[in-house]
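Chain and residue survey
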Amino acid sequence: MEFSHVPVFLNEAVEALDIKADGVYIDCTAGGGGHSAQIAAGLSKKGLLVCIDRDPDAIENLKKKFKGKENIKIVNDNFYNIKQILNSLDISGANGILADLGVSSHQLDTAKRGFSFHNDAPLDMRMSQQGVTAAEIINTASQQEIQRILYKYGEEKFAPSISRKIVAQRQTKAIQTTHELAEIVKSAVPAAVRRAGGHPARKTFQAIRIAVNGELDNLDMAIEDMFNCLLPKGRLAVITFHSLEDRPVKKLFVKLCLGCTCPKSFPVCVCGKEPMARLPFKAIAPSEKQIKENSRCRSARLRVIEKI
């Protein structure tokens, strides 16, 4: 199956990077190559684009898409390792870095990957296709641990009843498919919730997916590493899809832009702190047209920061 992905903020994100023809740019979550292709279009032969993705399917797609492009490097790795990746490529710094967080359209729409409750498939959810699967977590974690995951990564208020139902069900039969898990969640929430619209398993699937892939583990440190890899005047653009991703990004950006922290009563600054960055513009939300074309981007936000 061809790797397809609808890039969110395609033009906005690339324009925000302020592409320089001979610059160095990093697409940390290259996926289907939509953002990467737009960045590459603005580069000369002296410019360099590094495409990073942890999904082997994405890597194969990127190799085909950019075959013969000598100024495009493709790396199968997690962007959390951006410092090591750039060191291995002998890159001292980047003019622009883009990170499109969350799951891709390809991963959601490829049934066998087990990310979606819309298709019946094995409970997998691994972006890298390596490591612990969703089924292993669901069938081996304690009730307390599953409840914690649903609370922390899904903000699911029915986490206690859902986690108890999961543990009770697996004592009879192991939970192996997406539909099995979705039906358990439906049976564990009040009837009013089932009638309210929207699938009641959405938050549970989000939470389990985040746990499987460690999407929020030290995300703030990973974003800070990206910022530290920028050259002066370089820009970091981050696209988030829910508040759990957006909060640490927003918090770090505020911290990096913070200057003097002396009390206002002080006549002069004694702390000596100066801002490390500035915000070129406020966070951008998708337009009605973008939401109509891709409903999955409804909660997306684009935040951009420039290194001073």
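Remember, predicted model here, so these are calculated numbers, not experimental data.

**Looking at unusual backbone geometry**
We note that Met125 has phi near 70°; this positive angle belongs to a residue other than glycine. Overall, Met125 belongs to the buried group, its relative accessible area being 0%. Despite not being glycine, Asn218 shows a phi value in the positive range, around 55°. Residue placement: Asn218 occurs in the loop between helix H11 (202-213) and helix H12 (219-228).

**Examining the pattern of salt bridges**
What the rule picks out here adds up to 16 salt bridges. Here Arg148 ties to Glu145 by a salt bridge, and the two come within 2.8 Å at their closest N and O atoms. With Arg148 and Glu145 both in helix H7 (residues 143-154) and three residues apart, this pair spans about one turn of that helix. Between Glu293 and Lys289 there is a salt bridge, and its shortest N-O distance comes to 2.6 Å. On the criterion of helical spacing, the pair formed by Glu293 and Lys289 is a turn pair, its members being four residues apart in helix H14 (residues 288-293).

**Considerations on the side chain of Thr240**
Mapped onto the elements, Thr240 comes out in strand E5 (residues 230-240). Thr240 gets classed as buried once you look at its relative accessible area, which sits at 1%. Of the polar contacts made by the side chain of Thr240, one reaches the side chain of Asp246; its length is 3.1 Å. Discounting residues that sit within four places of it in the chain, Thr240 has contacts with Leu101, Glu245, Asp246, Val249, Ser299, Ala300 and Arg301.

**Topic: the packing of H7 against helix H8 (residues 159-172)**
Close contact between H7 and H8 brings their axes to 8 Å; oriented N to C, the two are set at 140°. By the angle between their axes, H7 is oblique relative to H8. Remark: the crossing between H7 and H8 carries right-handed chirality. Mapping the contact onto sequence places Gln143, Ile146, Gln147, Leu150 and Tyr151 in H7 and Ala159, Pro160, Ile162, Ser163, Arg164, Ile166, Val167 and Arg170 in H8. Among the residues forming the contact of H7 with H8, the class breakdown is eight nonpolar, three polar and two charged.

Rules used in this analysis
- Residues numbered from 1 in each chain as written.
- Predicted model: local features only at pLDDT ≥ 70, side-chain atom pairs only at ≥ 80, totals over all residues.
- Heavy atoms only, no water.
- Buried < 20%, exposed > 50% of the residue type's maximum accessible area, 1.4 Å probe, protein only.
- Helix = DSSP H or I, 4+ residues; strand = E, 2+ residues; numbered from the N terminus.
- Salt bridge = Lys/Arg side-chain N within 4 Å of Asp/Glu carboxyl O.
- Polar contact = N/O pair within 3.5 Å; in protein donor to acceptor, adjacent residues only side chain to side chain.
- Contact = heavy atoms within 4.5 Å.
- Axes fitted to C-alpha atoms, helices over the stretch in contact; angles between N-to-C directions.
- Parallel < 35°, antiparallel > 145°, perpendicular 65-115°, else oblique.
- Left-handed = near helix turned anticlockwise from the far one by under 90°.
- Nonpolar A, V, L, I, M, F, W, Y, C, P; charged D, E, K, R; others polar.

Keep in mind these numbers describe shape, not what the thing actually does.
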